[in-house]
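The residues making up each chain are set out below.
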Amino acid sequence: MQVRPEEQSNTNSYVLQLNKVRIEDPYWSEYIRLVRDVIVPYQWEALNDRIPEAEPSYAVRNFKIAAGEEQGEFGGMVFQDSDVAKWLEAVGYLLATGPDPELERVADGVVDLIARAQQEDGYLNTYFTLKEPDRRWSNLAECHELYCAGHMIEAAVSYYNATGKRKILDVVCKFADYIDTVFGTEPGKLQGYDGHQEIELALVKLYRTTGNDRYLKLSRYFLDQRGSQPHFYLEELEKRDGAVHFPQLDIAHDHAYSQSHRPVRQQDKAEGHAVRVVYMTTAMADVAAQTGDAELLQACRKLWRNIVSKQMYITGGIGSMAHGEAFSFDYDLPGDTAYAETCASIGLIFFARRMLEIEPIGEYADVMERALYNTVVSGMSRDGKKFFYVNPLEVHPDACGKNHIYDHVKPERQGWFGCACCPPNIARLLASLGEYIYTVRDRTVYAHLYIGGQAVFELDGQAVRIEQQSAYAWEGKTRMVVHTDIPTRFKLALRLPSWCGGRETLLLNGQPYAYEDADLEAGYAGIDRVWSDGDTLEIMFDMQVRRMKGHPHVRDAFGKTALQYGPFVYCMEEADNGPNLHQLCLPSGGKFAVRFNPDLLGGVNVIETTVIRRASEEWQDDLYRENSLAALNSEPLTGSFIPYFAWANRSVGEMAVWIRDC
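Residues numbered from 1 in each chain as written. Predicted model: local features only at pLDDT ≥ 70, side-chain atom pairs only at ≥ 80, totals over all residues. Heavy atoms only, no water.

When you go through the chain residue by residue, the secondary structure sums to 17 helices and 26 strands. Rg of the C-alpha trace for the chain: 25 Å, near the compact-globule value of 26 Å for 662 residues, within the 12% margin. On the principal axes, the C-alpha backbone points of the chain span a range of 75 × 70 × 50 Å. When burial is assessed residue by residue, the chain has 61% of its 662 residues classed as buried. Sequence separation of 24 or more characterises 71% of the internal contacts of the chain that already satisfy a separation of 6 or more. Charged side chains of the chain number 67 positive and 94 negative; the gap between the two group centres comes to 2 Å. (Helix = DSSP H or I, 4+ residues; strand = E, 2+ residues; numbered from the N terminus. Rg over C-alpha atoms; globule rule 2.2 N^0.38 Å. Buried < 20%, exposed > 50% of the residue type's maximum accessible area, 1.4 Å probe, protein only. Contact = heavy atoms within 4.5 Å. Lys, Arg positive; Asp, Glu negative; His and termini not counted. Charge placed at Lys NZ, Arg CZ, Asp CG, Glu CD.)

What follows is the structure, encoded as structure tokens:
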């Protein structure tokens, strides 16, 4: 079996393996430490049902029962296996970046357990093995069989790449080979596809790892089959006499929910379940990169454009509607009822990275950064033990639990969930963060994210190491040092963040460096030269508080302002500004003071400015009054804004991103 050393495609672009990247960053290193020291161990306890205050997971127990080691019934959601897979995937990424014998020992035990739970023919799914053994592949629309298979494949690739141990890779290859005998257009095969996209992108990873074209072809089959007529979900619904697993969603008939309403190449608008959309587009980009499928790539571009220009929150959240965890319609981005599932932003990051591999355009990295620095890190508490599934942009705690339109909104992070997809998704993304910083294309090194650490590249057989010393998060600057045994020519392409507005300063070996217009391409400034050992490049991006406005069609943001400083979107919290944040407004032309508070929320930049509170204690019992604005007192005071990711780490209280203009 051929093993490929890098994730490489026919675009001549590749992502560095994690063992070639080491992150040492004043902002991100703490998150990665939390993943290794807190989140992964905590999630292991949760998966084993050893956290009294958390909802039972049943996930590991299901595998033990399926392996014949315990007695009992299946517990949890139909996709519970995926939580174990995502945990194992995160472990693989951690082991790739540094040894941990005890963690590897625990993971080896999990691999052994998964192998023992696999059926003789290769099938692997504890729900159907334990609960409906005669109903395999009978409800693909709802029951996540291929979704769970995809996550197990991703876990296997991660763990194999980190350790070189083949056992889990052999398990998923056997499973994928079996799936290939079940699905296809040939006579006697099932001409179906998954309800929740995931296996498509996983199969591309398996292809890149093994070199087996069978897996790439199967991925492409699942994409091409989607949305074909007669509709597969209706056919399988009839075969099972109308039985459904999630009656509240009616997935068999609501084809837009699972993006099966049209063939994928004809889709130009993001519709339905948000995570499904971006997992699908990630796979589409992967297959397009591997096969040179121009039509599939064009569909990716159209869906990307719709998402980021009409259906994305300023925080990088997507999927505004609680019902179906879904996109609703263009410009429908309410803040207080926002769903913006953490997993959806993670999927958007996956999509952005794949598009960067195909065509290095700065907008992809800008969106990747926006989602990463805001919604993704907001999804986890500072101690790494509590999580947000939903990421609203405005919260009034008194309404939560009383007005049912806010039932999905939580004013504080939760310890665990019955549907626990988000916590392990955060862990696997942060554990693999080194894969998102650079890509290499021919003899060009693209710097997408300014995260401190070291990365080793091979350019025409010559090893080049780039050391990045970054203060990007809070100060907007970074320093890159090139290390090479012999002078080497290559282009270093620097992303110019959209928030900087083209106001950056570069110093090359201590001297001002001005690039020409010819060096600018799609949001990147390229420096093409012969680099010698010790060459140093300093980059300083202009950090200013930016008054952000929403498109006039975004009703919830009209007449309001949000603040952004560097990559961070800011918000107001009751803890700093008192209750009734809706009474506050932001004057035009006000001055901003930015100060770093090392003692607040682990150390953050705080923005202070004058705001106006419009309130009156003389209103008494009148619910409505004529000319009420004149009856309000306008009281100037100092308003305090903190980064959005840091909200809800203190007392329960109100929060708002968008503030009224005055």
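With their axes 8 Å apart at the nearest point, helix α3 (residues 81-97) and helix α15 (residues 422-431) run at an angle of 20° to one another. Between α3 and α15, the interaxial angle falls into the category roughly parallel. As α3 runs across α15, the sense of the crossing is left-handed. Side by side, α3 and α15 meet where D83, K86, W87, E89, A90, Y93 and L94 of the first sit next to P424, N425, A427, R428 and A431 of the second. A per-class count over the contact of α3 with α15 returns seven nonpolar, one polar and four charged. (Axes fitted to C-alpha atoms, helices over the stretch in contact; angles between N-to-C directions. Parallel < 35°, antiparallel > 145°, perpendicular 65-115°, else oblique. Left-handed = near helix turned anticlockwise from the far one by under 90°. Nonpolar A, V, L, I, M, F, W, Y, C, P; charged D, E, K, R; others polar.)

For the rest of this paragraph, the subject is the state of the cysteines. Here a disulfide denotes one covalent bond, and it connects the sulfur atoms of two cysteines. With the rule as written, the count across this model stands at one disulfide. Here C585 is linked by a disulfide to C662, with a sulfur-sulfur distance of 2.4 Å. On the sign convention where negative is left-handed, the bridge of C585 and C662, at about 80° about the S-S bond, is right-handed. You can see C585 sitting in strand β21 (residues 584-586) and its partner C662 sitting in the segment after β26 (659-661), a full 77 residues away along the chain. The buried category is assigned to C585, whose relative accessible area is 3%. (Disulfide = S-S within 2.5 Å.)

According to the stated counting rule, one finds 46 salt bridges in the structure shown. For the salt bridge of E104 with K165, the shortest nitrogen-to-oxygen distance reads 2.8 Å. Placement of E104 in helix α4 (residues 101-117) and of K165 in the loop between α6 (145-163) and α7 (167-182) is noted, with a sequence separation of 61 residues between them. One salt bridge in this structure joins E573 and R650, with 2.9 Å as the shortest N-O distance. (Salt bridge = Lys/Arg side-chain N within 4 Å of Asp/Glu carboxyl O.)

What follows concerns the packing of α4 against α6. Remark: α4 packs on α6, axes separated minimally by 12 Å, with the N-to-C direction vectors making an angle of 135°. As far as their axial angle goes, α6 and α4 are oblique. The interaxial crossing formed by α4 with α6 has left-handed handedness. Contacts from E104, A107, D108, V111 and I114 in α4 reach M152, Y159 and T163 in α6. A per-class count over the contact of α4 with α6 returns five nonpolar, one polar and two charged.

Right, let's talk about the sheet that holds strand β13 (residues 504-508) for a bit. Spatially, the seven strands line up as an open sheet ordered β3-β9-β10-β11-β17-β13-β14, and their pairing is antiparallel. Sheet topology places β3 (21-23) and β14 (511-512) at the edges, where each strand pairs with a single neighbour. Relative to strand β11 (residues 477-484), strand β10 (residues 462-471) runs antiparallel, the two being bridged by eight bridges. By the bridge assignment for β11, A471 is matched with K477. (Pairing = 2+ DSSP bridges.)

A residue-level look at the chain finds 97% of positions with pLDDT of 70 or above and a mean pLDDT of 93. Below pLDDT 50 for its whole length, residues 1-9 participates in 32 contacts with residues either more than four positions away or in separate chains. (pLDDT = per-residue confidence, 0-100.)

With twelve residues, helix α8 (residues 199-210) should cover 16 Å at 1.5 Å per step; its first-to-last C-alpha distance of 16 Å lies within 8% of that length. Here α8 lies mainly inside the structure; twelve of its twelve residues are buried. Of the residues making up α8, those classed as buried are I199, E200, L201, A202, L203, V204, K205, L206, Y207, R208, T209 and T210. Note on α8: the residue one or two positions beyond its end, G211, has a positive phi of about 75°. (Expected span 1.5 Å × (residues − 1).)

This structure, assessed with the given rule, holds 40 aromatic pairs. The interplanar angle of 45° and the centroid separation of 5.3 Å between the aromatic rings of Y450 and Y472 together place this pair among those described as tilted. Note that Y450 is positioned in the loop between β8 (444-447) and β9 (453-459) and Y472 in helix α16 (residues 472-475), a separation of 22 residues in sequence. Comparing Y450 with Y472, the two get one shared label, buried. In this structure an aromatic cluster arises from ring pairing among Y27, W28, Y31, Y373, Y450, Y472, W474, W499, F541, F568, F596 and F645. Over the ring of Y436 we find R353; its NZ or CZ atom is 5.1 Å from the centre of that ring. R529 extends its terminal NZ or CZ atom over the ring of W531, reaching a point 4.9 Å from the ring centre. (Phe/Tyr/Trp six-rings, centres within 6.5 Å; stacked < 30°, edge-to-face > 60°. Lys NZ or Arg CZ within 6 Å of the ring centre and 35° of its normal.)

In this fold, F541 is placed in strand β17 (residues 536-541). Residue class for F541 comes out buried when judged on its relative accessible area of 4%. It is 17 Å that separates the C-alpha atoms of F541 and L563, two residues lying 22 residues apart in sequence. Ignoring sequence-local partners within four residues, the contact set of F541 consists of Y450, Y472, E475, G476, R495, L496, P497, W499, C500, R503 and E504.

We now examine the side chain of T281. Note on placement: T281 falls in helix α11 (residues 274-291). Overall, the relative accessible area of 0% leaves T281 in the buried class. Looking at T281, its side chain comes within polar contact range of the main-chain oxygen of V278, at 3.1 Å. Beyond its immediate chain neighbours, meaning those up to four positions away, T281 contacts C300, L303 and F351. (Polar contact = N/O pair within 3.5 Å; in protein donor to acceptor, adjacent residues only side chain to side chain.)

Taking 1.5 Å of rise per residue, 17 residues should cover 24 Å, and helix α14 (residues 362-378) covers 24 Å from first to last C-alpha, within 8% of that figure. If you look at α14, its biggest bend is around 35°, right at L372. (Bend = angle between axes of the 7 residues up to and from the residue.)

Our focus in this paragraph is the pairing of β13. Residues in a regular strand project their side chains so that they alternate between the two faces of the sheet. A large share of β13 lies buried, amounting to four of its five residues. Of the strand pairs in this sheet, β13 and β17 are connected by five bridges, and their pairing is antiparallel. Note on β17: the bridge partner recorded for L506 is I539. Sheet topology note: the β13/β14 ladder contains two bridges and is antiparallel. Across the sheet, L507 pairs through a bridge with P512, a residue of β14. The antiparallel hairpin formed by β13 and β14 contains two residues in its connecting segment, where N509 sits at a positive phi of about 50°.

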